Amino acid sequence: MDFPFPEYNLQYMLPEIFLFVWALVVISFDLLSKRNNGSTTGYLTLFGIAIAGLLLGLVGNGKGFGKMFINDNVAVFFKVIFLGAAFMAVGSSFGVMQKKIVNHRGEFYALLLMSTTGMMFLSSSQELLSIYLGLELTTIPLFAMAAFYKDDKLSVESGIKYFIIGAFSSALMVYGMSFLYGLTGSTDLAQMKVAFFKTHLQFGDMGIVMILALIMLAAGIGFKLALPPFHQWAPDVYEGAPTPVAAFLSVGSKGAGLIAFAKIFVDGLYAYHSPDMAPNDWGMLIGILAIAAMVLGNVLAIRQTNIKRMLAYSSIAQAGYIMIGMVALSASGIASVGFYLFIYLFANMGAFAAVAVFEDMTGSCQIKSYAGLARTSPFFSAVMAVFLLSLAGIPPLAGFLAKYYVFASVVDVAQRSADSSWMYWMVGIGLLTTVFALFYYANVIKVMFFSPETSPYKVEAPLPAKAVLAIGVIGVLLFGLYPEPILQFATGISSSLHFMP
Amino acid sequence: MVPISAYLIVAVVLFGIGTMGVLISRNIIVLFMCVELMLNAANLALIAFSRSLNIMDGHAFVFLVLTVAAAEAAVGLAMVITIYNNRESINIDRFNILKW
Amino acid sequence: MESQILTLVTFFPLVGIVLIMLAPKDRPDTVKGVALLVSFVTMLLSFWLYSMFDKVANGMQFELNVPWITSFGINYHVGIDGISLLMIVLTAILTVLSILASWNSITERVKGYFISMLLLQIGMIGVFCALDLFMFYIFWEVMLIPMYFIIGIWGGARRVYAAIKFVLFTMFGSLLMLVAILYVVSAYHGFANEYSFDILKLATMPIAYKPQLLLFGAFALAFAIKVPLFPFHTWLPDAHVEAPTAGSVILAGVLLKMGTYGFLRICIPMFPQATITYLPYICVLALIAIIYGALVAMVQRDVKSLVAFSSVSHMGFVMLGIFALNLQGVEGAVLQMINHGVSTGALFLLVGMIYERRHTRLISELGGIVKVMPVFATLFMIVTLSSIGLPLTNGFVGEFLILIGTFKANMTYGVIATSGVILSACYMLWMYQRVIFGKITNPENEKLIDLDWREKGILIPLVVLIFWIGIYPKPFLDRIEPAVRSLLTQTNMVREDIGEPAFTVETDGSLSGMTAEDVNLNSKGEVHE
């Protein structure tokens, strides 16, 4: 039998390969220099990420490994986000490195790079198997990173919680994937789409199995995204994990979940029809999850006293807003998801970086320790306020445009399709919850600015952390006023996901 | 020939046992074994589908799932040891410093 | 230059913000100087704008329309008509005065304060310039944050509560507005197959009656919170009382006008049918606001909250004038927006001046001030009379026009509104008598020093404006009129469409100086009474 040998086309994979090799370089360097190298490991990692970004710009679009690795607009867009998240996480980790992780810098950065590699592979996958591998390569290093303070009970506990949830959710996902594979006879999403078009599936009417598979997959990815009812782990893990890891988790891991979701549900299963479940129905299902996330996340965030926990609940709510873009199931909906994540990268990584800087200095993550900070460190407080206001969606910061885009894409769809009044409700509830969101974000600002006492701390950030804060602020302000390039970039995504009209 | 439904039923049973175990068990090691059980249920389903469809993708999937499970086990067991050093216990009810 | 001037006026305070940021921390006087200079130049620019404004021309002037976010169809579209012109000039003047008023009272975190003031100015002028709904929304929200800081950091004892209440109320309203914007833009996409936020374009789109009602409701609620109309006014006394003097001046002088401006610019032109449906309800609410505001003001013990409640009453007049939907009513309403900004702004400034001396605003603590502060008492008198609406002052012209308009539209409303005028005379004069006249009961009042040159300098421009508008309002009315006329033509056409009798569109020649030809222009809207 003449077996067609697939073309490897390894060049398209160059950034990933480079990043992986660089992870090994970083860890070897750390070992060879007898762990005594100051911040050099960190700068080395930043350099590697920058080079990977450069390579990403150079390789261009194309396919490798037959159809298992595709570098298209979606992939490039999300890879940029993941590299950005890695860059900002590393940038905000220098303080932690000096104080807490003195002897394991190499491992930390290597794990972070490997996790980033996993996210990048995931972005390029077009097929269940590589989606699974990408997700695992993303999360397994993150388990270890969450538990990185080996002697800190909180950190280890958060690591083990993340591990249990992560392993459980990926088991659910694989099981769902196995059903999808059985029903369509392929792991390739494009072929699955074709199979769904042929309404006669190989095993006759397996509608219920299909629904089961969808639920398993949705639950598995829901865990990664921390969508209610699968959200309980997030606050614990965010609180216990080292702050740069929590930051990386909030954007990177969420991005990974989103891209997996977009690939499997929005792209792969778009054509899925059965008497039991029209696409609109599972749009509604996601809509309900999104509403639950927005309401729960925002309401529970109000009573948090630990800023990391508060940001965790806020990130649950943000996941809800992002999922609204998915509900639209339209080209602009997907573009809005990408745009939202891109903006979220700046605002959220910035906020976490600020929290990390403050924590390194004071050892506290309590909101009340921020009291009166505006008097001693006005610049730092202003920067923090900008991030929080962007997360709250106050114009002219970029977070507002992101929210606007997500909601506008749903309203657009709702106006075109019949039987869509629930979408308006979703938009209404979503916007209403932003009032709650404003309440707790403004609360932090209130503590920093309005408190009568003067803070005993004066914030001094190390240079890389300053750079991260600056990148965040510039991103939030610049893309709030001139979002056009990113919007174009994000619109490109939808051309790669093959939508039916 | 054994019909495919038989394999699938076994897989469902295994998966059910695994899921229940994860939800009920309080011991991390048992809990972890239950996750492995779930993965193996998925593997069984994949193999069965692969055989009956006569498409080899499923086999490849299983190998990779096994590999990933091994990697997961390596990280997971290391963390179990760490937490045991930390807390002298592997009962998840004791891991409650962070509100669960 | 013509088309860039609005951008220049709007964003000129940015120069000040950058300069203040660069200024050293230990030189508060430099910071204050920069802020004053920049706002002064902005004011001169706005005067220049005023002088270049063509009062005969119809439609928008100084228009600039360039693509901004093309993916969403958002343009940078600015332009002004007579209404926005006057609001911009008022904003520019009040900003200068409130910066002057904060000269001595703001002692800590000076940089942040003046940055907030200038940012606020950008937002306010931006709202009045914007002809793109998205820009309108952004500027609308931009004002929120600096005001939050101004109340929350430099305010009084309950400032944090007031600041958060202010933000949550406003935010709630603006989110409703955002929902409506989302819907309108999406509907326009269905109608014209392009995305556009252009207020002028959107107004040309016919919207079905039922969605129109909902959309009007959403916009109206957002604006009504800002005005504030009767049941939504509860944030206002808190915010006013707790804000520093300059914050109150800006809040009363300009921010409240955003609400009524929104009705004029967005609600009425875009949703004319819904306007007519909602008209009676809004008029009733406005009447309640007039009476309720006056009655509550009467029992206040704090001068500042008295003035705050008088704002509720006065803004009720403005709303009533707008929804009389005839030339006198709307013209009077616009003029009254200016008047209220001038006289209430002046009242807050005066209250602030006495507070700086006595550190109390309780009426019972004051009294007999005329003996120690004659200049203060005189100026206070003028402003009080203007607020009541005595002839020869600005308040008279505005309220008179509004009342004429209201009587034409509905006799009952007119009668009730007139009683509001009497009530306002009661509470203002009573307050004045208790604060200024009588014996000096409190020994602390004996040592009070009269106004210094800075304070006189702040008040005199306002007094000049009070008399100018009171005696010779023609230049202002001339500029308002074309804008109001085109607004009314639009709504009256709809009114005829749905078979309701149109109100008379004619004018009181003596006040606005209109000629007979002008009246004939709109004779088709006339109705036999």
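Residue positions are given per chain, counted from 1 along the sequence in the order it is written. Chains carry letters from A onward and ligands carry numbers from 1 onward, assigned in written order. Thresholds applied to this predicted model are a pLDDT of at least 70 for local features of residues and 80 or more for the giving and counting of side-chain atom pairs; totals over whole chains, interfaces and linings are not thresholded and use all residues.

## Here we look at the overall build of chain A
Here is step 1 of the chain: Looking only at helices and strands, chain A has 20 helices and two strands in total.
Here is step 2 of the chain: Only the C-alpha atoms count toward the radius of gyration. The rule for a globule is 2.2 Å times the residue count to the power 0.38. What you see for chain A is a C-alpha radius of gyration of 22 Å, in line with the 23 Å of a compact globule of 501 residues.
Here is step 3 of the chain: Over its C-alpha atoms, taken along the principal directions, chain A stretches across nearly 70 × 55 × 40 Å.
Here is step 4 of the chain: Exposure is read from a count of other C-beta atoms within 10 Å of each residue's own; the residue is exposed at 12 or fewer, buried at 20 or more and partly exposed in between. C-beta atoms are placed from the backbone. The buried share of chain A, reckoned over its 501 residues, is 66%.
Here is step 5 of the chain: Throughout, a pair of residues is in contact if the C-beta atoms placed from their backbones lie within 7 Å. Counted over contacts in chain A with a minimum sequence separation of 6, partners at least 24 positions apart contribute 81%. Strands are runs of DSSP state E lasting at least two residues, helices are runs of H or I lasting at least four, and both sets are numbered from the N terminus onward.

## Here's the deal with the overall build of chain C
Here is step 1 of the chain: Per the secondary structure count, chain C includes 22 helices and two strands.
Here is step 2 of the chain: Relative to the compact-globule value of 24 Å for 529 residues, chain C shows a C-alpha radius of gyration of 22 Å, a close match.
Here is step 3 of the chain: Taken over the C-alpha atoms alone, chain C extends approximately 70 × 55 × 40 Å along its principal axes.
Here is step 4 of the chain: The burial tally for chain C puts 60% of its 529 residues in the buried class.
Here is step 5 of the chain: Here the contacts in chain C between residues at least 6 apart in sequence split such that 79% fall between residues at least 24 apart.

## Focus: the interface of chain A and chain B
Here is step 1 of the chain: In this assembly, 35 residues from chain A lie in contact with 35 residues from chain B.
Here is step 2 of the chain: Going through the elements one at a time, α6 (128-146), α7 (153-184) and α10 (233-240) of chain A are the ones with two or more residues in the side of chain A that touches chain B.
Here is step 3 of the chain: When residues in the side of chain A that touches chain B are grouped by element, the largest group, 19 residues, is from α7(A).
Here is step 4 of the chain: In the side of chain A that touches chain B, the residues fall into 18 nonpolar, ten polar and seven charged. Ten residue types, Ala, Val, Leu, Ile, Met, Phe, Trp, Tyr, Cys and Pro, are classed as nonpolar, four, Asp, Glu, Lys and Arg, as charged, and the remainder, Gly among them, as polar.

## Looking at the pairing of strand β2 (residues 74-80) of chain C
Residues and elements named next belong to chain C.
Here is step 1 of the chain: Judged by how many residues are buried, β2 sits mostly within the fold: six of seven residues are covered.
Here is step 2 of the chain: Should DSSP find at least two bridges between two strands, the strands are taken to pair. With six bridges connecting them, strand β1 (residues 61-69) and β2 associate as antiparallel partners. Paired with Q61 across the bridge in β2 is I80.
Here is step 3 of the chain: Here β1 folds back onto β2 in antiparallel fashion, the turn holding four residues, of which G73 has a positive phi close to 70 degrees.

## Notes on the interface of chain A and chain C
Here is step 1 of the chain: Listed as interface residues are 27 residues of chain A and, on the opposing side, 27 residues of chain C.
Here is step 2 of the chain: The residue makeup of the side of chain A that touches chain C, split by class, is 19 nonpolar, five polar and three charged.

## Focus: the packing of helix α14 (residues 331-362) of chain A against helix α17 (residues 398-416) of chain A
Residues and elements named next belong to chain A.
Here is step 1 of the chain: It is the contact of α14 with α17, at a shortest axis distance of 9 Å, that shows an interaxial angle of 165 degrees. Between α14 and α17, the crossing angle belongs to the class labelled roughly antiparallel. Crossing of α14 against α17: the hand is left-handed. Where α14 approaches α17, its residues S332, G333, S336, F339, Y340, I343, Y344, F346 and A347 are matched on the opposing element by A398, G399, A402, Y405, V406, S409, V410, D412 and V413.
Here is step 2 of the chain: Grouping the amino acids of the contact of α14 with α17 by side-chain chemistry returns twelve nonpolar, five polar and one charged. Only the stretch in contact is used when fitting a helix axis, every axis being a line fitted to C-alpha atoms; angles between N-to-C directions are given from 0 to 180 degrees. Working definition: roughly parallel below 35 degrees, roughly antiparallel above 145 degrees, roughly perpendicular at 65 to 115 degrees, and oblique for all remaining angles. Should the near helix be turned anticlockwise from the far one by less than a right angle, the crossing is termed left-handed; should it be turned clockwise, right-handed.

## Describing the arrangement of the chains
Here is step 1 of the chain: Ranking by contact count across two pairs of chains in contact places chains A and B at the top.
Here is step 2 of the chain: A gap remains between chain B and chain C, with no contact made and the closest C-alpha atoms lying 30 Å from each other.

## Overview of the confidence of the model for chain A
Residues and elements named next belong to chain A.
Here is step 1 of the chain: A residue's pLDDT is the predictor's confidence in that residue, given on a scale from 0 to 100. Summarising the model, chain A shows a mean pLDDT of 86, and 92% of its residues fall at 70 or more.
Here is step 2 of the chain: The secondary-structure element of chain A with the lowest mean pLDDT is helix α8 (residues 189-197), recorded at 75, while helix α5 (residues 105-124) shows the highest, at 93.
Here is step 3 of the chain: Note that pLDDT drops below 50 for residues 200-204; the model gives that stretch six contacts with residues more than four away or on any other chain.
Here is step 4 of the chain: Note that pLDDT drops below 50 for residues 273-277; the model gives that stretch nine contacts with residues more than four away or on any other chain.

## Focus on helix α14 (residues 327-358) of chain C
All names here are of chain C.
Here is step 1 of the chain: Helix span, expected: 1.5 Å multiplied by one less than the number of residues in the helix. In this model, α14 (32 residues) spans 45 Å end to end at C-alpha, consistent with the 46 Å of a helix rising 1.5 Å per residue.
Here is step 2 of the chain: Of all 32 residues that make up α14, 28 are buried, and the element is covered over most of its length.
Here is step 3 of the chain: Directly after α14, the chain includes H359, whose backbone phi takes a positive value near 55 degrees.

## Some words on the packing of helix α12 (residues 272-298) of chain C against helix α13 (residues 303-322) of chain C
Residues and elements named next belong to chain C.
Here is step 1 of the chain: Following both chains from N to C, one finds α12 and α13 inclined at 155 degrees, their axes separated by 7 Å at the closest point. By the angle between their axes, α12 is roughly antiparallel relative to α13. Considering the relative orientation of α12 and α13, their crossing is left-handed. Here α12 contributes I282, C283, A286, L287, A289, I290, G293, A294, V296 and A297 to the contact with α13, which in turn contributes L306, F309, S310, V312, S313, M315, G316, F317, M319 and L320.
Here is step 2 of the chain: In the contact of α12 with α13, the residues fall into 16 nonpolar, four polar and no charged.

## A closer look at the environment of A402(A)
Residues and elements named next belong to chain A.
Here is step 1 of the chain: Considering the arrangement of structural elements, one finds A402 in helix α17.
Here is step 2 of the chain: In this structure, the C-alpha to C-alpha distance between A402 and G338, residues 64 residues apart in sequence, is 9.2 Å.
Here is step 3 of the chain: Setting aside anything within four residues of it in sequence, one finds A402 in contact with F339, Y340, I343 and Y344.

## A short note on unusual backbone geometry
Here is step 1 of the chain: A cis amide bond links P395(A) with the next residue in sequence, P396(A), at an omega value of 10 degrees.
Here is step 2 of the chain: Mapped onto the elements of the fold, P396(A) is located in the loop between α16 (378-392) and α17.
Here is step 3 of the chain: Cis geometry is adopted by the peptide bond preceding P228(C), which originates at V227(C) and carries an omega value of -5 degrees.
Here is step 4 of the chain: Mapped onto the elements, P228(C) comes out in the loop between α9 (209-226) and α10 (235-242).
Here is step 5 of the chain: At R109(C), a residue that is not glycine, the phi angle is positive and equals roughly 50 degrees.
Here is step 6 of the chain: If you trace the backbone, R109(C) turns up in the loop between α3 (82-101) and α4 (110-129).
Here is step 7 of the chain: By the C-beta count within 10 Å, which is 19 here, R109(C) ends up partly exposed.

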